[in-house]
Amino acid sequence: MKPELGGNKIIPVVVINKAEDTLPTVNALKNGGITIAEITFRTECAAEAIRLASEKSDGVIIGAGTVINAEQCRSAISSGAVFIVSPGFSQEVYEVCKEKNIPYLPGAVTATEIMNLIAHGITTVKFFPAEAAGGLDTIKALASAFPGIDFIPTGGINTENMKKYLDAPFIRAIGGSWMLKGTPEEIEAKTKSAVEEANR
C-alpha cells in the first residue's frame, strides 16, 4: 500500500521536543503550503505530538517517523498516525502495519534491501540517507533495475538541491527537516520558499 501524500512533493521530518510546540509547528507548515508531516519517534512526547496534530491540525496528513519496533508502531497508530516511516526495514513494524492496514515506508539504499521490500509488496522506498549514499546518481542506477519502485529520498536534501531530485520521474517526493529551524513565522517562510522551488 502506498502512503497518501495529498499532492505534497515535500515531506517534512518533524522532531517535537515539547508537546506544546506541535500545533504551532504543524500549522506553520500548513500555512507555508505543506499539508503532510512525518513526526519522528525520537522524543518522549512523540505519541502525544502525533495525537495533537492528528486531532487538531485539520487537513494535514500526519505520519510517524523513525519507527523501529512494534511497540512504537502500535503507539503511533493508536495516536492517529496514518502512515509509518522507518530508517530501514523492520519485519515487526511491517507486520503491525499490515494488520492495521496502514502504509509502511521503510528506508533502503541497496539492491538487496529493495528486493526484500518488493518481496513484502512495498513499492515506495524511503532512500535514506540520500546524499551520503550517493544521491541522485545512486537512485538512478537503482531505478533502472527496479522500474516499478518510487523513491522518497531523505537526508541532506534542501531547497538548493531538491529540484534535481524532484525532476526525476522515479522520485515521488523528497523528505527533509531544513525548513523546521526557527520560530513558527520562520518555518512558514522557509516552507513557502521550499514549495515555490518544488513547483518551479
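Everything numeric here is computed off the predicted structure, so don't read it as measured data.

Scoring rules and cut-offs
- Residues numbered from 1 in each chain as written.
- Predicted model: local features only at pLDDT ≥ 70, side-chain atom pairs only at ≥ 80, totals over all residues.
- Heavy atoms only, no water.
- 1 Å grid on protein atoms, 1.4 Å probe; cavity = no way out; pocket = protein on both sides within 12 Å on 5 of 7 lines; lining within 4 Å.
- Points joined across faces, edges and corners; volume = space filled by probe spheres on them.
- Phe/Tyr/Trp six-rings, centres within 6.5 Å; stacked < 30°, edge-to-face > 60°.
- Buried < 20%, exposed > 50% of the residue type's maximum accessible area, 1.4 Å probe, protein only.
- Helix = DSSP H or I, 4+ residues; strand = E, 2+ residues; numbered from the N terminus.

A.B. asks: It is not clear to me how empty space enclosed by the protein should be interpreted in this structure. Could you clarify?
C.D. replies: To find leftover empty space, a probe the size of one water molecule is rolled over the atoms. According to the stated counting rule, one finds one cavity of 30 Å³ or more in the structure shown. Quantified by volume, the largest cavity comes out at close to 30 Å³. In terms of lining, the largest cavity is formed by Ile11, Val13, Glu38, Leu105, Ile152, Thr154 and Gly175.

A.B. asks: Where do I start with the packing of aromatic side chains in this structure?
C.D. replies: Each aromatic ring pair is summarised here by two numbers: the centre-to-centre distance and the angle between the ring planes. Throughout the structure, instances matching the rule amount to four aromatic pairs. Ring geometry for phenylalanine 89 against tyrosine 94: centres 5.9 Å apart, planes inclined by 45°, an arrangement best described as tilted. With a relative accessible area of 26%, phenylalanine 89 lands in the partly exposed category. The buried category is assigned to tyrosine 94, whose relative accessible area is 13%. Measuring from ring centre to ring centre gives 6.4 Å for phenylalanine 151 and phenylalanine 170, while their planes differ by 85°; the resulting arrangement is edge-to-face. In this pair, phenylalanine 151 is assigned in strand E7 (residues 150-153) and phenylalanine 170 in the loop between helix H7 (162-166) and strand E8 (174-176), connecting sequence segments 19 residues apart. You can call phenylalanine 151 buried: its relative accessible area is 0%. Given the relative accessible area of 15%, phenylalanine 170 is considered buried. Each residue in the set Phe89, Tyr94 and Tyr104 is aromatic and connected to the rest through ring pairs, giving one cluster.

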